[in-house]
Amino acid sequence: MTDFTSIKVTKGIKTLNIDNPTNYSLIGMGAQGAVFKLSEERCVKIYTNPLQAQMELEALKAGQHLSFFPRLYKHGENYIVMDYYNAPTLKEYLRNCTYIPDSITRKLLDILSEMKKANFTMVDAPLRHIFVLENEELKVIDHVNAFKRIHPVPLKLLRDLNRMLLKESFLSQVKRLEPETFEMWQKYFNENKLDYRNIPVYSGGDGEGVKVDSAISQTLIGAGHQGAVYRISEDKCVKIYGKSKHCEMEKDILLSNQNLTFIPKVYESGDNYVVMEYLVGPDLNTFLKKQSTLPPVVTKLLLEILTSQKQAGFKQIDAPLRHVFVTNRGFKMVDHVYSFSRIQERPLELFQNLHERGFLDAFLEQVKVLDPDIHAQWTKTPIPLTDEEAQLEIRNIEYQGRRVHNRKKEHAHKKGHDHRGRKKEHDHQDHKKGHDRQDRKKGKGHYKDRSNKREHDRKKGSDKK
């Protein structure tokens, strides 16, 4: 089939849902839609929202006279056909550079100047949206927000260059080539200096990651379900939470376990943030991708973390590979929000991660040698290897925990009733005994009175006689 209009692109829970009955290959996917290659010269972008298609169409029409804009060929309610670039992005082009080439800086400045003259409010572009053609000709794609967002300075461009350690060389060249532009940018940053304590991070809702402002120039190094992490210096980072309760939960764990070797050092904390040490080194998932066998030292260090968690009273015993970092001071682990609240007796996510890497059997064999008791506890029931199986085990543990709690509560309630019942019965018996004693006492007095009465009557009779 060659009719690209039959391709359906809709928003899913975490990604886009694509129904593609054609032979056109998917070459890109973003927040607004998906891009399919139609030929060596053309591609089509199909949008999930027709409004966004209209927004980008307006920007493309306004920029057709600019040499760095894609040529517009055809458009419909939810699609736009434009130039296809078989070339590296600027991010890929600069990957191995220790400084940014002067020629690239000049062309980027020209692009920003032309965008400003075209009255675009977003005078900016991330490196992944800039393609480098032959002779270093630059092309810029994705202009949905060209008239919507206001970026008088290239925040995303500078953010990406900062991540690649090229920001300083770029700014030094800008200062030399266009001192007025450099001064304008500096003035903007001084006037809009953002304290990391006030960086906006919003909860994404159940099962969704947090939402952050993509224009923030602070280096974002990670975002998850509870918070976003920004690097604020060479040795420090800050985790900013979407919900204050998640901040309190993790802060409690971090601050009360600073003595544990795998817990990052905490420098400062607030209602919605925690400043901690920046971990230099790969996460364990990345590290193990390069290993053909599981190093025994990895098992030993993971076992030490899991054992320390149990000894410290953690309820959630786990060490997902993406949360463990290989540093020059041993393994460090991040993301402890639920360590004191979720009940999990086995490292279920670690099991799944190692299974995906092909190392689970080796890990369990090494654990058996190091600690046979833990190995026996972990393997007495089948190890869950899917999310569904793991969640089922967690739910069963929670269910059993609730049953035990309810039984204890019921037993305490019943015990209280029995105690009160026995006490009431005892009090009743005492009360009855008291009544009996009083009655007997009354009775004795009554009999004595009757005896006196008979004696009185006899005397009275004698007197009559």
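Residues numbered from 1 in each chain as written. Predicted model: local features only at pLDDT ≥ 70, side-chain atom pairs only at ≥ 80, totals over all residues. Heavy atoms only, no water.

Peer 1: For the overall build of the chain, give the residues involved together with the corresponding values.
Peer 2: Within the chain one finds 13 helices and 18 strands. Expressed as a percentage of the 465 residues in the chain, the buried residues total 39%. Here the contacts in the chain between residues at least 6 apart in sequence split such that 60% fall between residues at least 24 apart. Entry remark: accessible area of the chain is about 27,900 Å², with carbon and sulfur atoms responsible for 49%. (Helix = DSSP H or I, 4+ residues; strand = E, 2+ residues; numbered from the N terminus. Buried < 20%, exposed > 50% of the residue type's maximum accessible area, 1.4 Å probe, protein only. Contact = heavy atoms within 4.5 Å. Areas by Shrake-Rupley, 256 points an atom, 1.4 Å probe, with all protein chains shown as cover.)

Peer 1: Describe helix H5 (residues 167-177), and please don't skip the residues or the numbers.
Peer 2: For H5, the set of buried residues is Lys167, Ser169, Phe170, Leu171, Gln173 and Val174. Buried residues along H5 sit against helix H3 (102-117), helix H4 (155-163) and helix H6 (179-191).

Peer 1: Quick one: what's the story with the layout of surface pockets, residue by residue and with numbers?
Peer 2: Approximately 1,200 Å³ is the volume found for the second largest pocket. Lining the second largest pocket are 40 residues, and of these Gly30, Ala31, Gln32, His129 and Asp142 sit closest to its centre. Of the residues assigned to the lining of the second largest pocket, the class counts are 20 nonpolar, nine polar and eleven charged. (1 Å grid on protein atoms, 1.4 Å probe; cavity = no way out; pocket = protein on both sides within 12 Å on 5 of 7 lines; lining within 4 Å. Points joined across faces, edges and corners; volume = space filled by probe spheres on them. Nonpolar A, V, L, I, M, F, W, Y, C, P; charged D, E, K, R; others polar.)

Peer 1: How would you explain helix H11 (residues 360-370) if you had to name every residue and give the values?
Peer 2: Along H11, the positions that sit buried rather than exposed are Leu360, Phe363, Leu364, Gln366 and Val367. Taken around the axis of H11, the buried residues stretch over an arc of 165°, which confines them to a single face. The exposed residues of H11 that point more than 90 degrees off its buried face are Asp361 and Val369. Elements that come into contact with the buried residues of H11 comprise helix H9 (296-311), helix H10 (348-357) and helix H12 (372-379). (Arc of directions from axis to C-beta.)

Peer 1: How would you sum up the nonpolar core? Please name residues and give values.
Peer 2: Leu90, Leu108, Ile130, Leu157, Leu161, Phe170 and Trp185 are the most contacted members of the largest nonpolar core, which totals 44 residues. Take this core: its biggest share by element is six residues, from H3. Among the nonpolar cores identified, the runner-up in size contains 43 residues, and Leu294, Phe331, Leu360 and Phe363 belong to it. (Core = buried A, V, L, I, M, F, W, Y, C linked by side-chain atoms within 4.5 Å.)

Peer 1: Give me the lowdown on the confidence of the model for the chain, citing residues and values where you can.
Peer 2: With 82% of its residues at a pLDDT of at least 70, the chain reaches an overall mean of 84. Low pLDDT (under 50) marks residues 437-465, which in the prediction has zero contacts with non-local residues, meaning those over four places away or in another chain. (pLDDT = per-residue confidence, 0-100.)

Peer 1: Which residues make up the sheet that holds strand S16 (residues 273-277), and what are the values?
Peer 2: Working definition: the strands of a sheet are paired by backbone hydrogen bonds and lie parallel or antiparallel to each other. Strand order across the open sheet formed by five strands is S12-S13-S14-S16-S15, with antiparallel pairing between neighbours. Each of the sheet's edge strands pairs with one partner strand only, and the pair in question is strand S12 (219-223) and strand S15 (266-269). In this sheet, adjacent strand axes meet at a mean angle of 25° when their direction is disregarded. Seen against the sheet, helix H7 (residues 244-256) touches strand S14 (236-241), S15 and S16 and runs at an angle of roughly 35° to S16. (Pairing = 2+ DSSP bridges. Axes fitted to C-alpha atoms, helices over the stretch in contact; angles between N-to-C directions.)

Peer 1: Describe the environment of Arg342, listing the residues and the values that go with them.
Peer 2: Tracing the backbone through its elements, the reader meets Arg342 in the loop between strand S18 (330-333) and H10. Here the alpha-carbon distance between Arg342 and Phe314, two residues 28 residues apart in the chain, equals 8.8 Å. Each residue touching Arg342, except ones within four places of it in the same chain, is listed here: Lys315 and Gln316.

Peer 1: Help me get a handle on the packing of H11 against H12, residues and values and all.
Peer 2: Where H11 meets H12, the closest approach of the two axes is 6 Å, and the angle between their N-to-C directions is 135°. Relative to H12, the element H11 lies oblique. Across the interface between the two elements, Phe363, Leu364, Val367, Lys368, Val369 and Leu370 of H11 pack against Pro372, Ile374, His375, Trp378 and Thr379 of H12. Residue composition of the contact of H11 with H12, grouped by class: eight nonpolar, two polar and one charged. (Parallel < 35°, antiparallel > 145°, perpendicular 65-115°, else oblique.)

Peer 1: Quick one: what's the story with a nonpolar patch on the surface, residue by residue and with numbers?
Peer 2: Side chains of Ile18, Leu26 and Met29 sit close together on the surface and give an oily, nonpolar patch of about 250 Å² of accessible area. Residue classification places Leu26 among the partly exposed residues on the basis of a relative accessible area of 41%. (Patch = residues over 30% accessible without salt bridge, like charges linked within 9 Å, V, L, I, M, F, W, Y side chains within 5 Å. Salt bridge = Lys/Arg side-chain N within 4 Å of Asp/Glu carboxyl O.)

Peer 1: Pulling in residues and values, what's your account of the sheet that holds strand S3 (residues 26-29)?
Peer 2: Taken in spatial order, the five strands line up as S3-S4-S5-S7-S6 in an open sheet, and their pairing is antiparallel. Of all the strands in the sheet, the pair left with one neighbour each is S3 and strand S6 (72-75). Within this sheet the neighbouring strands show an average axis-to-axis angle of 20°, counted without direction. Seen against the sheet, helix H1 (residues 50-62) touches strand S5 (42-47), S6 and strand S7 (79-83) and runs at an angle of roughly 35° to S7.

Peer 1: Describe the packing of aromatic side chains, with residues and values.
Peer 2: Evaluation of the coordinates by the stated rule reveals eleven aromatic pairs. Plain terms: the ring middles of Tyr188 and Phe189 are 5.8 Å apart, the flat faces sit at 75° to each other, and that makes the pair edge-to-face. According to the relative accessible area criterion, Phe189 is partly exposed, its value standing at 21%. An aromatic cluster is built from Phe68, Phe69, Phe120 and Phe147, whose rings are joined through pairwise contacts. For the cation-ring pair, Lys167 lies above Phe189, with the distance from its terminal atom to the ring centre recorded as 6.0 Å. One cation-aromatic arrangement involves Lys236 over Tyr267; the distance from NZ or CZ to the ring centre is 4.7 Å. (Phe/Tyr/Trp six-rings, centres within 6.5 Å; stacked < 30°, edge-to-face > 60°. Lys NZ or Arg CZ within 6 Å of the ring centre and 35° of its normal.)

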